[in-house]
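So you can see what is in the structure, the chains are spelled out below.
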Amino acid sequence: MDRERPTDIARGLGIVLVVAGHTIASWNSGHELLYKFIYSFHMPFFLGLGGMYIRADGPLVAFIKAKLIRLIIPFISWSLFYLCLTLLIQAIKNDLGTPTSGFALKLLTVPLHGDWHSLYATGIYVDLWFLPALFSTVLFTRLLARWSDSQGLVASLAYCYLLSLSIVLLNDLLGSRPFSHWGIDIAIASLPFVYLCKLRKYFYRVSPYFILPLILVVHMFSRAQEASLAVLKISNYGSFIISASLGIILLFVISAWIQDWKIGRILEMLGERSYLVFLMTGAILTLSGPVRRMLWNSNDDFSNVISFVVVLITASFAYPLVTSNTPLALLAIGAKSPYKSSYSS
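Residues numbered from 1 in each chain as written. Predicted model: local features only at pLDDT ≥ 70, side-chain atom pairs only at ≥ 80, totals over all residues. Heavy atoms only, no water.

This part takes up the overall build of the protein chain. Helices and strands together make up the secondary structure of the protein chain, namely 17 helices and zero strands. Across the 345 residues that make up the protein chain, the buried fraction comes to 51%. Pairs at least 24 residues apart make up 81% of the contacts formed inside the protein chain by residues separated by at least 6 positions. With the model as given, the accessible surface of the protein chain reaches about 16100 Å², and the carbon-plus-sulfur share is 67%. (Helix = DSSP H or I, 4+ residues; strand = E, 2+ residues; numbered from the N terminus. Buried < 20%, exposed > 50% of the residue type's maximum accessible area, 1.4 Å probe, protein only. Contact = heavy atoms within 4.5 Å. Areas by Shrake-Rupley, 256 points an atom, 1.4 Å probe, with all protein chains shown as cover.)

In structure tokens form, the structure reads like this:
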């Protein structure tokens, strides 16, 4: 299967937003509106991409095995990397406390849950919640593949919006998230975005004149309140689903518009490497943190822009090195497909 250039460009745009959300528009940067705009749709977009190419082909067991290699092995290896890095940093600061073994064991068990709140609470695995959620998303998409083929994409999209609303409503009624392990509830809430991405070729035909109105509408619904997957409730579900859906459409419209531009070619290359860029973002920011703090005020805009550039350049140049080494590629990004994106099936 040949790569789709506009889709790779959309991935490139998406990963630029991911890195910007961790640097320029981070929660304490003072750019609250930009932060809300980015976070309203950038992760729904990548979860949607995860199921975009999935069909009811081949045995289910083989599919699950491939996804375990592609997503869970990197999740485990990056979790261990962040754990070791954290222990090393705290050892240098002489801030481990006692007992060290109990501290390490507690942190080691957190990734087993694959739950956003558990991962976030450690302050270590914050960026890794996406991998178990993506695994659940692609698994649900595969299980629904034959059903969606019989229903058609538009009908499947409508049903998945109802399913998405149902899981959020259930969480609200129970006052808890019983299906939060391995991002199951996030995956169910994100299923509509899979079918939006499957409809991408229709969005490629949308006139560029709709780009500005789309930006304004996404901005309007994202600024009203915190509209993101991490804090999804019935009270903000309407704002979330509108901003996320239109944000995804916006990325596809822009990508089709700029595909013949030079910036389009740059974003296409970045899109092909987006999976590694995403996984390396937190590590690069952590490792470069002391240097950045020595050279610049860590909270000013200039420092944030420098961090943004450093992450994109470092991760992009690391891609050939990682993919040329089979064991390293397996641990860092899972099995590599020569045709499809890292987010595809």
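Secondary-structure assignment places Ala332 in helix 17 (residues 326–333). A relative accessible area of 7% places Ala332 in the buried class. Taking the C-alpha atoms as reference, Ala332 lies 8.1 Å from Ile73; in sequence the two are 259 residues apart.

A word on helix 7 (residues 130–143). Along its 14 residues, helix 7 runs 20 Å from first to last C-alpha, staying within 8% of the 20 Å computed at 1.5 Å per residue. With respect to burial, helix 7 is a largely interior element, eleven of its 14 residues being buried. (Expected span 1.5 Å × (residues − 1).)

Running from amino to carboxyl end, helix 9 (residues 153–174) crosses helix 10 (residues 184–198) at an angle of 160°, the nearest separation of the two axes being 8 Å. Viewed along their axes, helix 9 and helix 10 adopt a mutual orientation that is roughly antiparallel. Where helix 9 crosses over helix 10, the two elements pack in a sense that is left-handed. Facing helix 9, whose interface residues are Leu153, Ser156, Leu157, Cys160, Tyr161, Leu163, Ser164, Ile167, Val168 and Asn171, helix 10 presents Asp185, Ile188, Ala189, Leu191, Pro192, Tyr195, Leu196 and Lys198. Partitioned by chemical class, the residues of the contact of helix 9 with helix 10 number 13 nonpolar, three polar and two charged. (Axes fitted to C-alpha atoms, helices over the stretch in contact; angles between N-to-C directions. Parallel < 35°, antiparallel > 145°, perpendicular 65-115°, else oblique. Left-handed = near helix turned anticlockwise from the far one by under 90°. Nonpolar A, V, L, I, M, F, W, Y, C, P; charged D, E, K, R; others polar.)

The tally for this structure, following the rule as stated, stands at 16 aromatic pairs. Ring centres of Trp147 and Tyr159 lie 5.7 Å apart, and the angle between their planes is 55°; on these two criteria the pair is classed as tilted. Highlighted residues: Trp147 in helix 8 (residues 145–151) and Tyr159 in helix 9, separated in sequence by twelve residues. Trp147 gets classed as partly exposed once you look at its relative accessible area, which sits at 31%. Residue class for Tyr159 comes out partly exposed when judged on its relative accessible area of 43%. Geometrically, the ring pair formed by Tyr237 and Phe240 is tilted, given 6.4 Å between the ring centres and 50° between the ring planes. (Phe/Tyr/Trp six-rings, centres within 6.5 Å; stacked < 30°, edge-to-face > 60°.)

Side chains of nonpolar character tend, in soluble globular proteins, to be buried together. Counting 90 residues, the largest nonpolar core has Phe45, Trp78, Trp129, Phe130, Phe240 and Phe252 as its most contacted members. Of the residues forming this core, the biggest block, twelve residues, is contributed by helix 13 (residues 234–257). Residues within four places of Trp78 in sequence aside, it is in contact with Leu128, Leu279, Met280, Ala283, Leu331 and Ala332. (Core = buried A, V, L, I, M, F, W, Y, C linked by side-chain atoms within 4.5 Å.)

With that settled, consider the packing of helix 1 (residues 5–22) against helix 13. Each pair of packed helices can be described by the angle between their axes along with the distance between the axes. The interhelical angle for the contact between helix 1 and helix 13, taken along N-to-C directions, is 120°, at an axis separation of 8 Å. Classified by the interaxial angle, the pair formed by helix 1 and helix 13 is oblique. By crossing handedness, the relation of helix 1 to helix 13 is classed as right-handed. Together, Pro6, Ile9, Ala10, Leu13, Gly14 and Leu17 of helix 1 and Leu251, Phe252, Ile254, Ser255 and Ala256 of helix 13 make up the contact between the two elements.

This is a description of form; function is not addressed.
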